[in-house]
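# A structural walkthrough
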Amino acid sequence: MKLILSILYIVCTFLCKNVLSFALLLLSAVLLLLISRIPPRIVLRSLRALLFVMLFTAVLNLLFTKGETELFAFWRIHVYVEGVYSAVFMLVRIMVLILSTSLFLTYTTTPIALTDAIESLLSPLRVVHLPVHEFAMMMTIALRFIPTLMEETDKIMNAQKARGVDFSSGGLIKRAKALIPILIPLFISAFRRADELAMAMECRCYRGGKGRTKMRVSHLHASDFVALLMMVLFGAAVLYLNRLGLFYTL
Amino acid sequence: MATVTLEHVSYIYGKGTPFEIKALDDVSLTVKSGRVTGIIGHTGSGKSTMVQLLNGLEKPEGGRVLLDGADIWENPKNMQAIRFRVGLVMQYPEYQLFEETIEADIAFGPRNMGLDEEEISKRVREAAAFVGLEPELLQKSPFDLSGGQKRRAAIAGVMAMRPEVLVLDEPAAGLDPRGRDIILRGIREYGERTGSTVIIVSHSMEDMAAYCDDIVVMYQAKVFLAGTRDEVFSHAGELASVGLDVPQITHLALLLKKRGVPLPDAIYTVEAARDCLRTLLQ
């Protein structure tokens, strides 16, 4: 349910077309942030990671959008008012996109709940013999092993450093070569781990999705429907504001 | 050859986060040159952290790490040179093997030092001999070897750099008694032959008693006891208070002594006990 709502929310961010609807979008994002009670510092950090992409799109939009009213021209670069608008819109759009996905999915949902959601959403595809449960299982395992592999990389890196590998100097080729002593042991240990995990799962009689019950079955609560209702209202509001066509429209 | 000194060293994991853990708390320690020093303590007592500070893999939060009286962080660009002087074997080192043959893997460290081929191959052979790897194994792939052999190859890889200080984190963990003895004896031999300082981290009192000259006991991020083997084991009561014990055979010897058997004080290995008892019986 949460997954569907977040997808709807993302669709809404793309539907926004004018100043008013963008203002509403920004307002909603801030409100959601406040409700979620996630420390603002963490949220800012997730934004910072994609700062470059955000700025890059903004600049591109600024420079390459052609419009009627020219703001100023410098050498061969023409900046139009439309360009400024679309740059700002793009920026807000990406920002809200990142905020909402990280808010809904990474910070407030456990990976297990997430894969459960994917599994149940994809379950209609079971009719066409798609191994839905296996997909979900693979995702859970992949997510689960990210920190383990990172730790492993760290350990191997330290060990090779102790044997005199220098990762931080030399040209590109030299640096790439310095990675070999890390990648090979890492791959080997990943395969070994996979093997061991498969063995352990078999020892506990895991045999795929058929007839498997869930430990935590998620139900739809009243609050879920309230959320859905709010989402629909929000979407309608965005569409309505778009039609007003005040100020500038894309 | 080389003395390692820690001066008021502290180290904190995850500083500034709610998960802050003090791994080392104002630790001062001198490891005597040319001797085998054992560092012993429970899981989480700061042993492994201390070891990573010794060759500059981690930077101490406070205090200094000195190698022959010089701060190793004085010139961070020289860290590689420090790492060649202080060889570190991490826990489960067999997982860092990556070359096609054992020989190439042992040669990896010396090659990074920029030695010529002749010297490298000499050192490889020498290091392999220390840990008891047969010459015919050198051409094999690391992945065709048994766990114990891989462990020995990895240790040889560090020994081949001929470090003045050889530091090993749990070199014998998870091995059978025979493999353990081969490795620990090889390490001791390396120290005696090259005059290097050897530091072994372990939680096995038996191993420490059998192979170390000096012992440092870590407890809750601090040095609890430090001294020669005899000095440390004479504090049997204090060791017990932090959940560590003197070796079982020492315990037995003490009990026998209480019953009037005239045994010497310092008995740490089964062999020593056997010899003493035999002379007594004759």
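Just so it is clear, the structure is predicted and the values come from calculations on it, not from any experiment.

## Here we look at the packing of aromatic side chains
Aromatic ring pairs are reported here in terms of the distance separating the ring centres and the angle at which the planes meet. Taken as a whole and assessed by the stated rule, the structure comprises six aromatic pairs over all chains. Centroid distance Tyr92 of chain B to Tyr95 of chain B: 6.5 Å. Interplanar angle 25°. Geometry classified as stacked. Ring geometry for Phe130 of chain B and Tyr190 of chain B: centres 5.4 Å apart, planes at 80°, overall edge-to-face. Taken together, the residues span a long stretch of sequence, with Phe130 of chain B in helix H4 (residues 117-130) and Tyr190 of chain B in helix H6 (residues 177-194) at a distance of 60 residues. The buried category is assigned to Phe130 of chain B, whose relative accessible area is 6%. Across the ring face of Phe145 of chain A, the terminal group of Arg144 of chain A is positioned such that the distance to the ring centre comes to 4.7 Å. Between Arg192 of chain A and the ring centre of Tyr95 of chain B, over which it is positioned, the NZ or CZ distance is 4.1 Å.

## Details of the nonpolar core
Soluble globular proteins tend to pack their nonpolar side chains together in the buried interior. All names here are of chain B. Counting residues in hydrophobic clusters, the biggest one holds 49 residues, and the most contacted among them are Ile106, Met159, Leu166, Ile187, Phe233 and Leu239. Residue contacts for Leu239: discarding those within four places in its chain leaves Met205, Val217, Leu225, Val232, Phe233, Leu244 and Val246. Judged by nonpolar contacts, the second largest core, of 32 residues, contains Met50, Leu57, Val86 and Val167.

## Focus: the interface of chain B and chain A
Listed per partner, the contact involves 21 residues of chain B and 16 residues of chain A. Note on chain B versus chain A: buried area summed over both sides is about 1600 Å², and carbon and sulfur give 59% of it. Sorting the residues of chain B by area buried against chain A places Tyr95, Gln96 and Phe98 of chain B first, and these three jointly supply 34% of that buried surface. One can count one salt bridge joining chain B with chain A. A salt bridge links Asp105 of chain B to Arg163 of chain A, with the shortest nitrogen-to-oxygen separation between them at 3.0 Å. Run the count over chain B and chain A and you get five residue pairs in polar contact (both at pLDDT 80 or more). Looking at the side of chain B that touches chain A, the elements that each hand over two or more residues are helix H2 (79-85), helix H3 (102-112) and helix H5 (147-159) of chain B. Looking at the side of chain B that touches chain A, its residues break down into 11 nonpolar, seven polar and three charged.

## Overview of the sheet that holds strand E2 (residues 21-31) of chain B
Residues and elements named next belong to chain B. As summarised here, the arrangement of the four strands in space is E2-E1-E4-E5, forming an open sheet in which the pairing is antiparallel. Both outer strands of the open sheet, E2 and strand E5 (70-71), are each paired with one neighbouring strand and no more. Alignment of strand E1 (residues 4-13) against strand E4 (residues 62-67), held across five bridges, turns out to be antiparallel. Among the inter-strand pairings, Glu7 is bridged to a residue of E4, identified as Arg64.

## A look at the confidence of the model for chain B
In the predicted model, chain B carries a mean pLDDT of 86, and 98% of its residues have values of at least 70. Confidence metrics for the complex model read pTM 0.73 and ipTM 0.80.

## Quick word on the confidence of the model for chain A
Counting all residues, the mean pLDDT for chain A is 73, and 60% of those residues have values of 70 or more. For chain A, per-element mean pLDDT is lowest for strand E1 (residues 70-74) of chain A, which scores 61, and highest for helix H8 (residues 172-203) of chain A, which scores 86.

## Points about the pairing of strand E9 (residues 214-219) of chain B
Each regular strand shows side chains that alternate between the opposite faces of the sheet. Residue and element names in this part refer to chain B. The element E9 is extensively covered by neighbouring structure, given that five of its six residues are classed as buried. The pairing of strand E3 (residues 36-40) with E9 spans four bridges and is classified as parallel. When the bridges of E9 are listed, Thr37 appears paired with Asp214. Pairing between E9 and strand E10 (residues 222-228): six bridges, direction antiparallel.

## Brief notes about the domain arrangement of chain B
Residues and elements named next belong to chain B. Split by domain assignment, chain B resolves into domain 1 (4-244) and domain 2 (247-282). Summarising the inter-unit geometry, the C-alpha centres of domain 1 and domain 2 are found 31 Å apart. The interface is formed by seven residues belonging to domain 1 together with five residues belonging to domain 2. A per-residue breakdown of the area domain 1 buries against domain 2 is headed by Glu206, Asp230 and Phe233, which together make up 59% of the total. Summed over the shared surface of domain 1 and domain 2, the number is zero salt bridges. Within the residue set of the side of domain 1 that touches domain 2, elements represented by two or more residues are helix H7 (205-211) and helix H8 (229-233).

## Points about the sheet that holds E10 of chain B
Residue and element names in this part refer to chain B. Taken in spatial order, the six strands make up an open sheet running E6-E7-E8-E3-E9-E10, and their pairing is mixed. Strand pairing shows two members of the sheet lacking a second neighbour, strand E6 (86-89) and E10, which therefore form its edges. Going across the sheet, the axis of each strand differs from the next one's by a mean of 15°, ignoring polarity.

## Some remarks on the packing of H3 of chain B against H5 of chain B
All names here are of chain B. H5 packs onto H3 with a crossing angle of 30° between their chain directions and a minimal axis gap of 7 Å. Of the possible angle classes, the one that applies to H3 and H5 is roughly parallel. As H3 packs across H5, the resulting crossing turns out to be right-handed. Residues Ile102, Ile106 and Pro110 of H3 lie in contact with H5, whose contacting residues are Ala153, Ala156 and Gly157. Classifying every residue of the contact of H3 with H5 by side-chain character gives five nonpolar, one polar and no charged.

## A look at the side chain of Thr250 of chain B
All names here are of chain B. If you trace the backbone, Thr250 turns up in helix H10 (residues 248-258). We classify Thr250 as buried; its relative accessible area is 4%. Discounting residues that sit within four places of it in the chain, Thr250 has contacts with Ile267 and Tyr268.

Calculation rules
Counting from 1, residues in each chain are numbered in the order their sequence is written. Here chains are named by letter from A upward and ligands by number from 1 upward, in the order in which they appear as written. With the structure being a predicted model, the display of local features is reserved for residues of pLDDT at least 70 and the display and counting of side-chain atom pairs for 80 or more, all residues being used for whole-chain, interface and lining totals. Calculation of side-chain values draws on the structure's entire complement of heavy atoms; hydrogens and water are dropped beforehand. By convention, a stacked pair of Phe, Tyr or Trp rings (six-membered ring in the case of Trp) has centres within 6.5 Å and planes under 30 degrees apart, an edge-to-face pair has planes over 60 apart, and any other such pair is tilted. Labels follow the DSSP assignment, with helices taken as runs of H or I lasting at least four residues and strands as runs of E lasting at least two, numbered in each case from the N terminus. Relative accessible area decides the class of each residue, using a 1.4 Å probe on protein chains only: under 20% of the type maximum gives buried, over 50% gives exposed, and in between gives partly exposed. Charge over a ring is defined by NZ of Lys or CZ of Arg lying within 6 Å of the ring centre and within 35 degrees of the ring normal. Nonpolar core, defined: a set of buried Ala, Val, Leu, Ile, Met, Phe, Trp, Tyr and Cys residues in which side-chain atoms within 4.5 Å join the residues together. Contacts between residues were defined by any pair of non-hydrogen atoms, one from each residue, lying within 4.5 Å. When two parts are put together, the accessible area they lose, computed with a 1.4 Å probe and summed over both, is reported as buried area. In the sections that follow, a salt bridge refers to a side-chain nitrogen of Lys or Arg positioned within 4 Å of a carboxyl oxygen of Asp or Glu. Counted as a polar contact is a pair of N or O atoms within 3.5 Å, where, for protein atoms, one must be capable of donating a hydrogen and the other of accepting one, and residues adjacent in sequence contribute only when both atoms are in side chains. Amino acid classes used here: Ala, Val, Leu, Ile, Met, Phe, Trp, Tyr, Cys and Pro are nonpolar; Asp, Glu, Lys and Arg are charged; the rest, including Gly, are polar. At least two bridges found by DSSP between two strands is the condition for calling them paired. Confidence scores labelled pLDDT are given residue by residue by the predictor and lie between 0 and 100. Residue ranges assigned to each domain were obtained from an automatic or database domain assignment. Lines fitted to C-alpha atoms define the axes, with helix axes restricted to the stretch in contact, and inter-axis angles between N-to-C directions lie between 0 and 180 degrees. Oblique is the label for any angle not under 35 degrees, not over 145, and not in the 65 to 115 range, which are roughly parallel, roughly antiparallel and roughly perpendicular in turn. By convention, the crossing between two helices is left-handed when the near helix turns anticlockwise from the far helix through less than a right angle, and right-handed when the turn is clockwise.

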